Amino acid sequence: MTNLKVLVSSNDFPDSGLQILREHFTVVQSPYSHFGEEGATQNKEELLKLIPGSSALVWVTHHPLTKELLDKAGPQLKIVATASAGYNHANVEELKARGIKLSNTPNVLSSAVAEIAVSLMLATARRFTENLDQVRRGEWEAGFVKVLGQDIRGSTVGVIGLGGIGQAVVKRLAGFEVAKFLYTGHREKPEAKALGAEFVNLDDLLTKSDFILLAVPLTSETRHMINSTTLGKMKSNAILINVGRGDLVDQEALYDALKSKKIYAAGLDVTTPEPLPKDHKLLTLPNIFVLPHIGSATVRTRNDMAVLTSNNVVNALTGKPLITPILE
Ligand SMILES: O=C(O)C(=O)CO
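Since the model is a prediction, treat every value here as computed from it, not as a measurement.

Definitions and cut-offs
Residues numbered from 1 in each chain as written. Predicted model: local features only at pLDDT ≥ 70, side-chain atom pairs only at ≥ 80, totals over all residues. Heavy atoms only, no water. Domains from an automatic or database assignment. Buried area = accessible area lost by both parts, 1.4 Å probe. Salt bridge = Lys/Arg side-chain N within 4 Å of Asp/Glu carboxyl O. Polar contact = N/O pair within 3.5 Å; in protein donor to acceptor, adjacent residues only side chain to side chain. Nonpolar A, V, L, I, M, F, W, Y, C, P; charged D, E, K, R; others polar. UniProt positions renumbered as here; feature names shortened; annotations may be inferred. Helix = DSSP H or I, 4+ residues; strand = E, 2+ residues; numbered from the N terminus. Buried < 20%, exposed > 50% of the residue type's maximum accessible area, 1.4 Å probe, protein only. Pairing = 2+ DSSP bridges. Axes fitted to C-alpha atoms, helices over the stretch in contact; angles between N-to-C directions. Contact = heavy atoms within 4.5 Å.

Per the domain assignment, the segments making up the protein are domain 1 (5-107 + 298-327) and domain 2 (110-290). For domain 1 and domain 2, the distance between their C-alpha centroids amounts to 31 Å. Both faces considered, domain 1 and domain 2 share a buried interface measuring about 570 Å² in area, 50% of it formed by carbon and sulfur atoms. Together, His-62, Asn-88 and Asn-107 form the three largest contributors to the area buried by domain 1 at its contact with domain 2, with a combined 61%. Across the domain 1-domain 2 interface, the total number found is zero salt bridges. Taken together, domain 1 and domain 2 are joined by two residue pairs in polar contact (both at pLDDT 80 or more). Broken down by class, the residue content of the side of domain 1 that touches domain 2 amounts to no nonpolar, six polar and no charged.

Structure, rendered in structure tokens:
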């Protein structure tokens, strides 16, 4: 064990990851979580107190890594290891300018997030929100014609971003008799052939797909890529699924498109903000199904993410290459 200090940024980092860190370093952990307005404020104050002298930061959720925090940490900071695949909160340019390494946790969460994407497809296509509401009200529609949904069978599924998560969704849909998989992105993916997915431009994907899956990182290029213009190109039976980041979607435009039935439905695991306030107007719509960002929230996946995060820290502080580098 060394005296190098590792700060774990919230109280819910799994023991599997903590154990690895404790074998090597002096571990300091915030007693708060990032979640909720109060938790986030308390945690920020606590982190400002705990961060000086840290050689590594284990960044557990999506709290922004501000210049203020980095300044407080001090010049010995070598690595930020974020326990997430997405790293839009990690202030990449600032880390790069300061020569600080950055790692994330891709791949280990692809199957869990893909399961949530498929769940959202089913929940929206089969109108779980309206149907569950009927059950809760004790007012089931009688007869043959119930709240009728759409089939995944025979549909065209368009994937925006055929990376690890997008590919895992296509694999999981193998038994659903999907008619066609389309995908778009910066370039064709070698994996697409085996998956039977056809590379198209964004406009083609938007105009032809029955399901549109967002599985791209949030960048300045992808922010609000779903807006009134792109929503306007979708089919009236289109279902939008977002397992990426809330800001990929202009939520005002999405509200209008769902309210006016310009598109059929939306299933969101990610929103802006998170948590979405319970009186948010999106939640008044019958054709939306919202989850509280649980894509990677299984015991196994969270443990895998924690172990990978900690092993990245061990490697960075013992002079070995990062396992999953963003900045090295
Ligand atoms: O790891 C991430 O970036 C996630 O949002 C998982 O749901």
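Now for the UniProt feature "domain: D-isomer specific 2-hydroxyacid dehydrogenase NAD-binding" (unreviewed entry) in the protein. As recorded in UniProt, the sites labelled "domain: D-isomer specific 2-hydroxyacid dehydrogenase NAD-binding" (unreviewed entry) are residues 118-295. Between the end C-alpha atoms of residues 118-295 there is a gap of 11 Å, over a span that is 29% helix and 16% strand.

This part is about the pattern of salt bridges. Tallied over the full model, the rule gives 15 salt bridges. In this structure, Glu-139 and Arg-137 form a salt bridge, with 3.1 Å as the shortest nitrogen-oxygen distance. Residue Glu-139 is classed as partly exposed on the basis of its relative accessible area of 47%. Of the charged contacts, one joins Asp-203 and Lys-233 as a salt bridge, the two residues approaching to 3.0 Å between their closest N and O atoms. Within this pair, whereas Asp-203 is found in helix α9 (residues 202-208), its partner Lys-233 is found in the loop between α10 (228-232) and β10 (239-242), the two being separated by 30 residues in sequence. Classification of Asp-203 as partly exposed rests on a relative accessible area of 38%. Through salt bridges with shared partners, one network takes in Lys-67, Asp-71, Glu-94 and Arg-98.

Strand order in this open sheet of six strands is β2-β1-β3-β4-β5-β13, and the pairing throughout is mixed. For this open sheet the edge positions go to β2 (26-29) and β13 (325-327), each flanked by a neighbour on one side alone. Recorded for the sheet is a direction-independent mean angle of 20° between the axes of neighbouring strands. Looking at chain direction, strand β4 (residues 79-82) and strand β5 (residues 101-103) are connected through three bridges and run parallel. Across the sheet, the residue bridging to Ala-81 is Ser-103, located in β5. Taken strand by strand, helix α1 (residues 15-24) contacts β1 (5-8), β2 and β3 (54-59), and its axis lies near 140° from that of β2. Packed onto the sheet, helix α12 (residues 299-317) meets β1, β3, β4 and β5 and runs at close to 165° relative to β4.

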